[in-house]
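Residues per chain, in single letters:
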Amino acid sequence: MLDFFRWQDAIDIIVISIIVHRLLLLIVGTRAMQLVKGLLIMGALAAAARIFDLRTLSWFLGKVLGVLVIAIPIVFQPELRKMLEELGRGGSLWQRKKTGKKAELLSHEVARALSYLKGQKIGALIVLERNTGLKDFWRTAIKLNADITQELLISIFWEGTPLHDGAVIIDRDNIVAASCYLPLTENSDLSRWIGTRHRAALGVTEVSDAIALVVSEERGEVSLAINGHLSKNLKEAQVQKLLLHYFAGEDEENKSLLDRLQEDIRTLWT
């Protein structure tokens, strides 16, 4: 009796699945993600054309796919280069984590900026991108792609500067954009005293898995929005620990911190 399925086949399937999953994570939120969706649709059409023996459609799709093989590396050169750079850093394909020292440095930069803005009662809204791409919100904003520093964050939100109105989006590696306009929450049960920044923070966390940190210029406190819930007056130690987990890439693996913070979210401002 022939052995149609070997244990090596199971390993093949698992390894390929992991590689495809990690590659997709690298392109989420980029133009390349739309390309993948388009290719999947064209592949489904090509398969259907073969099944129903639609020769003209099969010929046409074959020619189009042949052209795309040449066009894709040219049109999507930035995305492909970024993907190869991530692979070349070692370990990025398997787990997008930073070294402890780098994560600690970045978390300190953001935490110190928030502490200063809080002390000066300067309103601010910082969105930390996770798995859900936020390109729809920053594509029309002011793109920065700048290093994360407390000086830059403070300068952005300083009253009177051109970029102070709107949100800053951070993607673990850098400050992607400033002056980003976010969707407001659709929660009609909120108190009318909750300001626009907090409503925008709730709004973006309702449509994505992002984390939003808000500095209130009236109260001089830092609030956290996540999964459409708001927790006010976070302590500096909580903010620092949250940022450290985020920049280390541990917020998906170790959700204990987020779970503890969300336990405090039992009452919205009333």
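Residues numbered from 1 in each chain as written. Predicted model: local features only at pLDDT ≥ 70, side-chain atom pairs only at ≥ 80, totals over all residues. Heavy atoms only, no water.

Peer 1: Let's hear about the sheet that holds strand 7 (residues 229–231): which residues, and what values?
Peer 2: The strand order 2-4-3-1-5-6-7 describes an open sheet built from seven strands, whose pairing is mixed. If you trace the sheet from one side to the other, it starts and ends with strand 2 (142–146) and strand 7, each paired once. With strand direction ignored, the average angle separating the axes of adjacent strands in the sheet is 20°. Summarising the sheet, strand 2 and strand 4 (residues 175–180) pair through three bridges and their orientation is antiparallel. (Pairing = 2+ DSSP bridges. Helix = DSSP H or I, 4+ residues; strand = E, 2+ residues; numbered from the N terminus. Axes fitted to C-alpha atoms, helices over the stretch in contact; angles between N-to-C directions.)

Peer 1: Now, about the packing of aromatic side chains: what can you tell me, with residues and values included?
Peer 2: Working definition: an aromatic ring pair is given by the centre-to-centre distance plus the angle between the planes. Scanning all chains against the criterion turns up two aromatic pairs. Taking 6.4 Å as the distance between ring centres and 25° as the angle between the ring planes, the aromatic pair formed by Tyr116 and Trp158 counts as stacked. Of this pair, Tyr116 sits in helix 5 (residues 100–120) while Trp158 sits in the loop between helix 7 (150–157) and strand 3 (167–170), placing them 42 residues apart in sequence. On the accessibility criterion, Tyr116 (35% relative accessible area) is partly exposed. A relative accessible area of 39% means that Trp158 is categorised as partly exposed. Here Tyr246 and Phe247 contribute two aromatic rings whose centre-to-centre distance is 5.1 Å and whose plane-to-plane angle is 75°, an arrangement assigned as edge-to-face. For the residue pair Tyr246 and Phe247, the accessibility class agrees, reading buried in each case. (Phe/Tyr/Trp six-rings, centres within 6.5 Å; stacked < 30°, edge-to-face > 60°. Buried < 20%, exposed > 50% of the residue type's maximum accessible area, 1.4 Å probe, protein only.)

Peer 1: Hey, could you go over unusual backbone geometry for me, with residue numbers and the actual values?
Peer 2: Phi at Asn145 takes a positive value of approximately 50°, unusual for a residue other than glycine. With respect to the secondary-structure elements, Asn145 resides in strand 2. Of note in this structure, Arg172 is not a glycine but carries a positive phi near 80°. For Arg172, the position within the fold is in the loop between strand 3 and strand 4. For Arg172, a relative accessible area of 12% corresponds to the buried category.

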